[in-house]
Amino acid sequence: MKNNRKLWFRGLKGFLKIFIRKPKFIFLGEKPKEACIILSNHAGASGPLKAELYFEQPFRLWGTYEMNSGLKAVYKYLSEIYYYQKHHWKKFWAKTFSIIAAPFANLFYKGLRLIPTYKDSRLRNTINESVKAINNKEKIIIFPEDSSQGYFDKLTKFFAGFAFLAKTCYKQGKDLDIFVTYYKKEKNTFIFDKSVKYSSFLKRGLEGQQIADELCKRANELSTLNLNEIKA
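Throughout what follows, the structure given in this document is the object of discussion. From a predicted model like this one, the values you see are computed outputs, not experimental measurements.

1. Regarding helix 3 (residues 71-86)
Right, so step 1: Leu 78 marks the point of greatest bend in helix 3, at about 40 degrees.
Right, so step 2: Along helix 3, the residues classified as buried are Val 74, Tyr 77, Leu 78, Ser 79, Tyr 82, Tyr 83 and Lys 86.
Right, so step 3: Looking at the packing, one finds that the buried side of helix 3 touches strand 3 (59-64) and helix 4 (91-112).
Right, so step 4: Following helix 3 by one or two positions, His 88 adopts a phi angle in the positive range, close to 60 degrees.

2. A closer look at the pattern of salt bridges
Right, so step 1: If you walk through the whole model with that rule in mind, you get eleven salt bridges.
Right, so step 2: Note that Arg 113 is salt-bridged to Glu 138, the shortest N-O span being 3.0 Å. Here Glu 138 lies in the loop between helix 5 (123-135) and strand 5 (139-142) and Arg 113 lies in the loop between helix 4 and strand 4 (115-117), a separation of 25 residues in the sequence.
Right, so step 3: We classify Arg 113 as partly exposed; its relative accessible area is 24%.
Right, so step 4: A residue is classified by how much of its surface remains accessible, and Glu 138, at 2% relative accessible area, is buried.

3. A few points about the side chain of Lys 50
Right, so step 1: In this structure, Lys 50 sits in helix 2 (residues 46-54).
Right, so step 2: Buried charge without a salt bridge: Lys 50, with Glu 186 as the nearest opposite-charge side chain at an N-O distance of 11 Å.
Right, so step 3: Polar side-chain contacts of Lys 50 include one of 2.8 Å to the backbone oxygen of Arg 21.
Right, so step 4: With sequence-adjacent residues up to four places away left out, Lys 50 is seen in contact with Ile 20, Arg 21, Pro 23, Phe 55, Tyr 183, Asn 188 and Phe 190.

4. Observations concerning the nonpolar core
Right, so step 1: In terms of nonpolar packing, the biggest core is built from 35 residues, with Ile 37, Leu 39, Phe 158, Phe 162, Leu 165 and Leu 215 touching the most fellow members.
Right, so step 2: The greatest single-element share of this core, amounting to six residues, is contributed by helix 8 (residues 208-223).
Right, so step 3: Ignoring anything within four residues of it in the chain, the contact list for Leu 165 reads Ile 37, Trp 62, Ile 127, Ser 130, Val 131, Ile 134, Ile 140 and Ile 142.
Right, so step 4: In this structure, Ile 20, Leu 53, Met 67 and Tyr 82 belong to the second largest nonpolar core, which totals 34 residues.

About the thresholds
Along each chain, residue indices are assigned from 1 in the same order as the chain's sequence is written. The predicted nature of this model means local features are confined to residues of pLDDT at least 70 and side-chain atom pairs, given and counted, to a pLDDT of 80 or more, with totals for whole chains, interfaces and linings taken over all residues. In computing side-chain values, all of the structure's heavy atoms are included and hydrogens and water are not. By definition, a residue's bend is the angle between the axes fitted to the seven residues ending there and the seven starting there. Working definition: helices are DSSP H or I runs of at least four residues, strands are E runs of at least two. Numbering for both runs from the N terminus. Accessible area is worked out with a 1.4 Å probe on protein chains only. A residue is then buried under 20% of its type maximum, exposed over 50%, and partly exposed in between. We call two residues in contact whenever any of their non-hydrogen atoms come within 4.5 Å of each other. Put simply, a salt bridge is a Lys or Arg side-chain nitrogen that is within 4 Å of an Asp or Glu carboxyl oxygen. For the purpose of charge, His is not counted, nor are the chain termini; Lys and Arg are scored as positive and Asp and Glu as negative. Polar contact is the term for a pair of N or O atoms within 3.5 Å; when the atoms are in protein, one must be able to donate a hydrogen and the other to accept it, and sequence-neighboring residues count only if both atoms are side-chain atoms. By nonpolar core is meant a set of buried Ala, Val, Leu, Ile, Met, Phe, Trp, Tyr and Cys residues that side-chain atoms within 4.5 Å join together.

Following this line, the structure appears as structure tokens:
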């Protein structure tokens with residue numbers, strides 16, 4: 001089963017691959033096979049973009065709802081949050097560059113089949129759409145880091161929305177594998193950790209934010225691995 005993207009978007013991705021180098025994928029355990037949850041750091045836009053272009057298995061990405069809400073919302077998000085708040089650009093340059101970037105970002109996200117995320121009760125919509133994707137044997141790739149102050153090599157916090165998704169699936173009889181991966185931008189490499197069953201956390205009495213904290217710590221551990229000592 002290949003990624004379910006429209007033909008025009010597959011063509012756009014093929015064009016982008018001319019300019020964006022393919023990353024290396026290192027797996028410390030087995031590769032993801034069944035529907036599962038994959039957690040990754042952002043590394044700015046690099047993590048989501050490289051995953052979309054080069055991760056070959058069927059998957060859906062979680063991403064902020066503004067990027068799924070039309071050109072005006074995309075421009076506002078890029079100019080006021082992404083470039084200004086997260087990348088710490090001067091407000092003038094953030095607004096100016098977003099005029100150029102917003103139409104391209106809006107087009108790209110239209111083809112992405114993004115599962116929009118929310119910070120309020122609409123998160124239930126995110127969970128429902130994600131469950132449908134999992135039932136369709138698609139993997140869910142989530143970037144759960146707290147990037148409100150910017151993107152850092154050492155992650156400060158994971159939000160626990162993914163744990164809520166895993167809990168929902170568990171109640172429906174699906175004990176999902178959770179993979180933590182870290183994208184080392186300077187090495188252009190994704191490191192995939194061994195998978196962990198959601199039920200293994202429950203057996204240890206961990207839920208929600210406790211799970212998120214533990215996996216954030218593990219992501220930071222992956223970031224310090226010496227790639228030369230890892231057998232791909």
